[in-house]
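Take a look at the letters that make up each chain.
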Amino acid sequence: MGKYRWKLPILCIILFVCVRYFVYRQADLNTAVPTSPHGGKAEIVTTVNYFAQISDNSKIMHNGTLIRELNGQQPKLNTVVPVLPQGGKVDIVSNSNSSVHSSDTSKMRHNGTLSIAIIGRLGNQMFQYASILGLADMMNFTQIAIHGGQDLLSSFQLSDKRVNFTRISTKWRTINELLCCAFDKRLTQFNNTEDVHVNGYLVSTKYFHNIKKHIKNEFKFVPRILTEAKIIKNDIAKQFNVTGINYTYIGVHVRRGDFLEKRNIEAGHFTVTKEFITRALQMCTKMFGNDTIFVFSSNGMDWVKYNFNNDTNLKMAFLEGNPAAVDMAVLSLCDHSIVSTGTYGWWAAWLAGGTTIISKQQAINESFLDKQFVYSEYFPPKWVILD
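Quantities reported herein were computed from a predicted structural model and do not represent experimental measurements. (Residues numbered from 1 in each chain as written. Predicted model: local features only at pLDDT ≥ 70, side-chain atom pairs only at ≥ 80, totals over all residues. Heavy atoms only, no water.)

**Observations regarding the overall build of the protein**
Helix and strand content of the protein: ten helices and 16 strands. When contacts within the protein are restricted to residue pairs at least 6 apart in sequence, those whose partners lie at least 24 apart make up 62%. Summed over all atoms, the accessible surface of the protein reaches about 21,200 Å², with 52% contributed by carbon and sulfur. (Helix = DSSP H or I, 4+ residues; strand = E, 2+ residues; numbered from the N terminus. Contact = heavy atoms within 4.5 Å. Areas by Shrake-Rupley, 256 points an atom, 1.4 Å probe, with all protein chains shown as cover.)

Take a look at the structure:
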C-alpha cells in the first residue's frame with residue numbers, strides 16, 4: 001500500500017481540476033447582460049449557434065444569450081434574452097419605458113420606420129393617426145414618424161411609444177394612396193426593415209379596426225378639454241333642470257360652413273337637408289323616449305337654429321363659442337349620435353359609442369369626392385345609415 005501513497009496527491013489534483021472546469025463551464029453558459037452607455041458597441045455571442053456579431057446597442061439583435069463588453073462600454077438597456085430553439089417565441093422585456101412585444105425569432109429585426117405627414121383639420125388628422133398606427137400594427141413596424149399634427153398633440157393624451165413627432169426624410173420610399181376614402185391593400189405590404197412614407201388621408205375604418213381599443217385609449221382628451229366639456233354638459237342639465245336625473249343625451253353634428261364654399265362644392269362636398277335631421281330626431285325620440293336632450297354642434301349654427309330652435313316638443317342645446325376639440329369632447333360624452341357629413345362628426349360619434357345615425361349620402365352624386373368613397377369601408381358595421 002505504501003508504494004502507492006505518492007499517487008494519492010496526484011489523484012486529488014486531477015479531481016480538483018475537473019470540479020473547477022465543471023463550475024466555470026456552467027457559469028459560462030448562463031446569460032449575462034451588462035449595462036453600457038448609449039451608443040456603445042456590444043459583441044453578441046449565441047450559445048445556440050456559437051457565432052458572434054458586432055452591433056450598435058440601439059439596434060441589438062435579440063437572438064443572442066451573452067453580450068460581452070467591448071472597449072469598456074456597455075449597452076444602455078438591461079435586456080433579458082432567454083435561449084430558445086430556432087424559430088421559437090420570445091418575450092423581450094426591457095427596463096426602459098418601451099412596451100413588451102412578442103415576436104417570432106426569425107422575424108425580430110424591425111429597423112424600418114413608417115411615416116406620414118398630417119394634413120387637414122382635427123377629424124382628418126385623427127383618421128391619419130389612427131390609420132398609420134393600424135398599418136404599423138399590421139406590418140409589425142416598431143417606429144412611426146409623424147410630421148405635423150398639432151391639433152392632435154394639443155387635444156389628446158397620445159401615448160403610443162412607437163410614435164415620434166418629427167421631420168421626415170425626403171429620401172424615404174414614398175407611396176400615395178389610391179383613394180382618399182377607401183382601404184388601400186398596397187399600404188399593408190411593406191417590409192418593416194425599410195423606411196416608408198405614406199401620403200394620404202387614409203379615411204377607412206379597415207386600417208385600424210383590429211386595434212379599436214388602442215385607438216380609443218389614444219384619443220382620450222387632455223384633462224383641460226375634458227374638464228371643460230363636463231362643465232358644459234352639466235350646464236346643459238341645469239338649463240333643463242334635469243341635474244341628477246337619468247336623461248339620454250344625443251349629440252348632433254351638422255357640417256355646413258366650409259362645405260358651402262364654391263371650391264368644396266365643386267369637389268363634391270355635401271351638406272344634409274333639414275328633412276334628414278328632422279327624420280333622425282324623430283327616430284331617436286322613438287328609440288329613446290322623451291327624456292332626451294339633443295346637443296347640437298355645427299359650423300353653421302345660424303342655419304341650425306333657424307330650422308330647429310322653434311320646436312318646443314324637443315329639448316335642444318346649442319354648443320357655441322368653443323374650440324373644435326371642446327365641442328367634440330362634449331359630443332363624445334353623449335349617449336348616442338346623429339351625424340351629417342365630414343370626418344369631425346364621424347369621430348365624435350365613434351368616440352361616443354352607442355347608436356349612431358348617419359347620412360347615407362356623404363358627397364354630391366358622381367362628383368370627384370363621391371368617386372373617392374368606398375362606403376362599406378367608411379361606415380362602421382352597426383351604424384344606422386339614413387337616406
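**Examining the packing of helix H7 (residues 274-288) against helix H8 (residues 301-308)**
Between H7 and H8, whose axes approach to 11 Å, the crossing angle comes to 60°. Overall, the two elements H7 and H8 adopt an arrangement that is oblique. Judged by the sense of rotation from one axis to the other, the crossing of H7 with H8 is right-handed. Between H7, through Lys-274, Ile-277, Thr-278 and Leu-281, and H8, the contact on the second element is made entirely by Trp-303, Asn-307 and Phe-308. In terms of residue class, the contact of H7 with H8 is made up of four nonpolar, two polar and one charged. (Axes fitted to C-alpha atoms, helices over the stretch in contact; angles between N-to-C directions. Parallel < 35°, antiparallel > 145°, perpendicular 65-115°, else oblique. Left-handed = near helix turned anticlockwise from the far one by under 90°. Nonpolar A, V, L, I, M, F, W, Y, C, P; charged D, E, K, R; others polar.)

**A look at the packing of aromatic side chains**
Under the criterion given, the structure shown has 23 aromatic pairs. On the basis of an interplanar angle of 25° and a centroid distance of 5.5 Å, the ring pair of Phe-208 and Trp-347 is categorised as stacked. Taken as a pair, Phe-208 in the loop between strand S10 (196-199) and helix H4 (212-218) and Trp-347 in helix H10 (residues 343-352) lie far apart in primary sequence, 139 residues in all. Each of the two residues, Phe-208 as well as Trp-347, counts as buried. (Phe/Tyr/Trp six-rings, centres within 6.5 Å; stacked < 30°, edge-to-face > 60°. Buried < 20%, exposed > 50% of the residue type's maximum accessible area, 1.4 Å probe, protein only.)

**A closer look at the nonpolar core**
One finds Leu-114, Phe-208, Phe-219, Met-328 and Trp-347 to be the most contacted residues of the largest nonpolar core, which totals 69 residues. If you list the elements that add at least two residues to this core, you get strand S6 (114-117), helix H2 (122-139), strand S7 (144-147), S10, helix H5 (223-239), strand S12 (292-298), helix H9 (324-332) and H10. The element best represented in this core is H2, accounting for ten residues. Beyond its immediate sequence surroundings of up to four residues, Trp-347 is in contact with Gly-123, Met-126, Phe-127, Ala-130, Phe-208, Ile-215, Phe-219 and Met-328. (Core = buried A, V, L, I, M, F, W, Y, C linked by side-chain atoms within 4.5 Å.)

**Some words on the side chain of Ser-359**
Checked against the element boundaries, Ser-359 lands in strand S15 (residues 356-359). At a separation of 2.8 Å, a polar atom in the side chain of Ser-359 contacts the main-chain carbonyl oxygen of Gln-361. Ser-359 has contacts with Phe-270, Val-272, Phe-276, Val-339, Ser-340, Phe-379 and Leu-386, leaving out every residue within four places of it along the chain. (Polar contact = N/O pair within 3.5 Å; in protein donor to acceptor, adjacent residues only side chain to side chain.)

**Here's the deal with a nonpolar patch on the surface**
On the surface, Leu-260, Ile-265 and Ile-364 cluster together into a nonpolar patch covering about 220 Å² of accessible area. Mapped onto the elements, Leu-260 comes out in the loop between strand S11 (248-254) and helix H6 (262-267). (Patch = residues over 30% accessible without salt bridge, like charges linked within 9 Å, V, L, I, M, F, W, Y side chains within 5 Å. Salt bridge = Lys/Arg side-chain N within 4 Å of Asp/Glu carboxyl O.)

**Examining the layout of surface pockets**
Gaps left between atoms show up when a probe the size of a water molecule is rolled over them. The computed volume of the second largest pocket comes to approximately 910 Å³. Lining the second largest pocket are 42 residues, with Arg-121, Arg-255, Asp-258, Phe-259 and Thr-343 sitting closest to its centre. At the level of elements, H2, helix H3 (150-155), H6, S12, H9 and H10 are the ones that each hand at least two residues to the lining of the second largest pocket. Grouping the amino acids of the lining of the second largest pocket by side-chain chemistry returns 17 nonpolar, 18 polar and seven charged. (1 Å grid on protein atoms, 1.4 Å probe; cavity = no way out; pocket = protein on both sides within 12 Å on 5 of 7 lines; lining within 4 Å. Points joined across faces, edges and corners; volume = space filled by probe spheres on them.)

**Regarding the sheet that holds S6**
Taken together, five strands build an open sheet; the order of strands is S8-S7-S6-S10-S9 and the sheet is parallel. Looking at strand neighbours, the two that pair on one side only are strand S8 (163-165) and strand S9 (173-176), the edges of this open sheet. Averaged over all adjacent pairs, the angle separating strand axes in this sheet is 25°, with direction ignored. Across four bridges, the pairing between S6 and S7 is parallel. Bridging across to S7, Ile-116 finds its partner in Ile-146. Taken strand by strand, H2 contacts S6, S7, S8 and S10, and its axis lies near 165° from that of S6. (Pairing = 2+ DSSP bridges.)

**A short note on the pattern of salt bridges**
One pass over the full model with this rule turns up eight salt bridges. For the salt bridge of Glu-320 with Lys-305, the shortest nitrogen-to-oxygen distance reads 2.6 Å. Placement of Glu-320 in the loop between strand S13 (315-318) and H9 and of Lys-305 in helix H8 is noted, with a sequence separation of 15 residues between them. A salt bridge links Asp-387 to Lys-360; its shortest N-O distance comes to 3.8 Å. Pair noted here: Asp-387 is in the segment after strand S16 (384-386) and Lys-360 is in the loop between S15 and S16, with a separation of 27 residues, a long-range link. Using a relative accessible area of 61% as the deciding quantity, one classes Asp-387 as exposed. One network of salt bridges, with partners in common, ties together Arg-121, Arg-255 and Asp-258.

**What to know about unusual backbone geometry**
Of note, the phi angle at Leu-202 is positive, near 55°, even though the residue is not glycine. By secondary structure assignment, the location of Leu-202 is in the loop between S10 and H4. With relative accessibility at 0%, the residue Leu-202 sits in the buried group. In this structure, Glu-366 takes a positive phi of about 65° despite not being glycine. Inspection of the secondary structure puts Glu-366 in the loop between S15 and S16.

**Here we look at the pairing of S7**
What joins S6 to S7 is H2, and the crossover it makes is right-handed. Relative to S8, S7 runs parallel, the two being bridged by three bridges. The residue bridging Ile-146 from the neighbouring strand is Phe-165, located in S8. The handedness of the S7 to S8 crossover, carried by H3, is right-handed. (Right-handed = clockwise from strand over helix to strand, strands pointing away.)

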